[in-house]
Amino acid sequence: SCRSGIKSRATVLKGPLSTGYGWVQMGMDDRLLGIPLWMILLLPFAKILATSLSIGSGGSGGIFGPGMVIGGMVGAAFWRLAYPILPGMPAEPAPFTIIAMMALFGGIAHAPLAVMLMVAEMTGNLSLLAPAMIAVGLSSVVCGDRTIYTSQLPTRADSPAHRYQFSFPLLTRLTVRESMDLAPLLLRPDLPVVEAKRWLVDRNLSGAPVVEEDGRLLGVATLTDIERAPQADGEPVPVYTVMTRDPVTIEPAAGLDLALEKLATYRKSWMPVVEGLESIVVGTISAANINRRYRLALKRSSRRMRDMTTGSDGLSERRPDQPASHS
């Protein structure tokens, strides 16, 4: 008895430090009856402690595996306690183990639908789908907004990657080609910065693309870049010496939501629109262009909606000179 007690204590210490999948397998058949009850009740808490120390201290490890083991052992412990007491309990604890695994991980990971699909795949049938829906639903209500993934956002609208798409849904249907300036000012790389500055000031522009003779983009020159250019005595300074050689660009087929996101991310007021692998400049797009196009599309949508509403009301109206119809 002393040896069996020492072996049981060693098993309890070893179980939380390993993957624990073997315990889950034993918790799905009648072998669970051969495990001491105190060990079954202690293993979930020991696994929680071991996982917390491992993940919290920066150690390598995942969340999915421990979540499955903890949930499975909780379900197995419930079956072990209720089997000799409650009538009508199944002869094997597999349904309780599987549903408890899915309920625990579905709640803490905020993935109820994915977890319920996993139930059907793990069991090979849909018999446990209904109780799994109830268990996962209750688990999600208990967990609330808390999740084990601290970086998880409530919705896609809260994600910076989808911020503009969800804030301005109309922008996703508008393209850069519809809003860009088709005849922008293009600077040659050998143009003196003094002359380039005069052209920009005369056209009230903050900058312009620098292109080759065939229209291929080389860079972008702004008034700020030109004003910072060193003044050479007697020799003109060409534009290519002060231009930005890796500018932010966008293609004509891209949506205005992507264009606005790029301008905001890189803190630019405009950027060249290029086409093809050779980056041929076909125009420029600015925040003012996007705002103007968005307002125009919004006005057209409001007018179209107003016309549809008027038309639907007109169907129920009858002109004074039109005789009433009788059924």
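None of the values given here were measured: they were computed from a predicted structure.

Calculation notes
- Residues numbered from 1 in each chain as written.
- Predicted model: local features only at pLDDT ≥ 70, side-chain atom pairs only at ≥ 80, totals over all residues.
- Heavy atoms only, no water.
- Helix = DSSP H or I, 4+ residues; strand = E, 2+ residues; numbered from the N terminus.
- Buried < 20%, exposed > 50% of the residue type's maximum accessible area, 1.4 Å probe, protein only.
- Contact = heavy atoms within 4.5 Å.
- Areas by Shrake-Rupley, 256 points an atom, 1.4 Å probe, with all protein chains shown as cover.
- Phe/Tyr/Trp six-rings, centres within 6.5 Å; stacked < 30°, edge-to-face > 60°.
- Expected span 1.5 Å × (residues − 1).
- Arc of directions from axis to C-beta.
- Pairing = 2+ DSSP bridges.
- pLDDT = per-residue confidence, 0-100.
- Patch = residues over 30% accessible without salt bridge, like charges linked within 9 Å, V, L, I, M, F, W, Y side chains within 5 Å.
- Salt bridge = Lys/Arg side-chain N within 4 Å of Asp/Glu carboxyl O.
- Lys, Arg positive; Asp, Glu negative; His and termini not counted.
- Charge placed at Lys NZ, Arg CZ, Asp CG, Glu CD.

## Structural notes on the overall build of the chain
Part 1 of the reasoning: Along the backbone of the chain there are 12 helices and 4 strands.
Part 2 of the reasoning: Evaluated residue by residue, the chain yields a buried proportion of 35% over its 327 residues.
Part 3 of the reasoning: Contacts in the chain between residues at least 24 apart in sequence constitute 62% of all its contacts with a sequence separation of at least 6.
Part 4 of the reasoning: Accessible area of the chain: about 20500 Å², with a carbon and sulfur share of 59%.

## Details of the packing of aromatic side chains
Part 1 of the reasoning: The final tally for this structure, using the stated rule, is 2 aromatic pairs.
Part 2 of the reasoning: Note on F78 and F96: the rings are 5.7 Å apart at their centroids and 40° apart in plane angle, and the pair reads as tilted. Placement of F78 in helix α4 (residues 64-82) and of F96 in helix α5 (residues 94-108) is noted, with a sequence separation of 18 residues between them.
Part 3 of the reasoning: Taking the relative accessible area as the measure of exposure, F96 reaches 22% and is therefore partly exposed.

## As for the side chain of T97
Part 1 of the reasoning: You can see T97 is positioned in helix α5.
Part 2 of the reasoning: Judged by relative accessible area, which is 0%, T97 ranks as buried.
Part 3 of the reasoning: Not counting residues up to four positions away in its chain, the partners in contact with T97 are V24, G27, M28, G71, G72, G75 and A76.

## With respect to helix α7 (residues 129-143)
Part 1 of the reasoning: A rise of 1.5 Å per residue sets the reference length of α7, with its 15 residues, at 21 Å; its end C-alpha atoms lie 21 Å apart and thus fit the reference within 8%.
Part 2 of the reasoning: All of the buried residues along α7 are A132, A135, V136, S139 and C143. Buried residues of α7 fall within an arc of 95° about the axis and therefore sit on the same side. Facing away from the buried surface of α7 by more than 90 degrees, the exposed residues are I134, L138 and V141.
Part 3 of the reasoning: Just downstream of α7, G144 is the residue with a positive phi angle, here 65°.

## Side note on the pairing of strand β2 (residues 217-222)
Part 1 of the reasoning: Where burial is concerned, most of β2 is hidden: 5 out of the 6 residues are buried.
Part 2 of the reasoning: Of the pairings in the sheet, the one linking strand β1 (residues 207-211) to β2 comprises 5 bridges and is antiparallel in character. Along β2, the bridge assignment pairs V211 with L217.
Part 3 of the reasoning: As consecutive antiparallel partners, β1 and β2 are separated by 5 residues, and within that stretch G215 has a phi angle of approximately 90°, a positive value.

## What about the environment of E278?
Part 1 of the reasoning: Assignment of secondary structure puts E278 in the loop between β3 (270-275) and β4 (280-286).
Part 2 of the reasoning: Through-space distance from the C-alpha of E278 to that of D214 is 9.9 Å; in sequence the pair is 64 residues apart.

## Quick word on α5
Part 1 of the reasoning: Spanning 15 residues, α5 covers 22 Å between terminal C-alpha atoms, matching the ideal 21 Å at 1.5 Å per step.
Part 2 of the reasoning: Counting buried residues along α5, 11 of its 15 residues qualify, which places the element largely inside the surrounding structure.
Part 3 of the reasoning: Of all the residues in α5, the buried ones are A94, T97, I98, I99, A100, M101, M102, A103, F105, G106 and G107.
Part 4 of the reasoning: In the stretch just after α5, H110 is the one whose phi turns positive, near 55°.

## Re unusual backbone geometry
Part 1 of the reasoning: Phi angles above zero are rare outside glycine, and H110 is one such case at about 55°.
Part 2 of the reasoning: On the secondary structure map, H110 appears in the loop between α5 and α6 (112-123).
Part 3 of the reasoning: H110 gets classed as partly exposed once you look at its relative accessible area, which sits at 32%.
Part 4 of the reasoning: One non-glycine residue, R267, lies in the positive phi region at around 55°.

## Digging into the confidence of the model for the chain
Part 1 of the reasoning: When pLDDT is averaged along the chain, the result is 78; 79% of the residues meet or exceed 70.
Part 2 of the reasoning: In the model of the chain, helix α1 (residues 2-17) stands out as the element of lowest mean pLDDT, 49, in contrast to β3, which has the highest, 94.
Part 3 of the reasoning: The model gives residues 1-10 a pLDDT under 50, and that stretch makes 2 contacts with residues more than four places away or in other chains.
Part 4 of the reasoning: Every residue in residues 312-327 is under pLDDT 50, and counting partners more than four places away or in other chains gives 2 contacts.

## A closer look at a positive patch on the surface
Part 1 of the reasoning: There is a patch of like positive charges on the surface, built from R295, K299, R300 and R303.
Part 2 of the reasoning: Inspection of the secondary structure assignment puts R303 in helix α12 (residues 287-315).

## Section: the pattern of salt bridges
Part 1 of the reasoning: Within this structure, the stated rule accounts for 5 salt bridges.
Part 2 of the reasoning: A salt bridge links E178 to R293, with the nearest nitrogen and oxygen atoms 3.1 Å apart. Here E178 is found in the loop between α8 (163-167) and α9 (193-202), whereas its partner R293 is found in helix α12, with 115 residues between them in sequence.
Part 3 of the reasoning: For E178, a relative accessible area of 43% translates into the label partly exposed.
Part 4 of the reasoning: In this structure, E212 and R216 form a salt bridge, with 3.7 Å as the shortest nitrogen-oxygen distance.
Part 5 of the reasoning: According to the relative accessible area criterion, E212 is partly exposed, its value standing at 30%.

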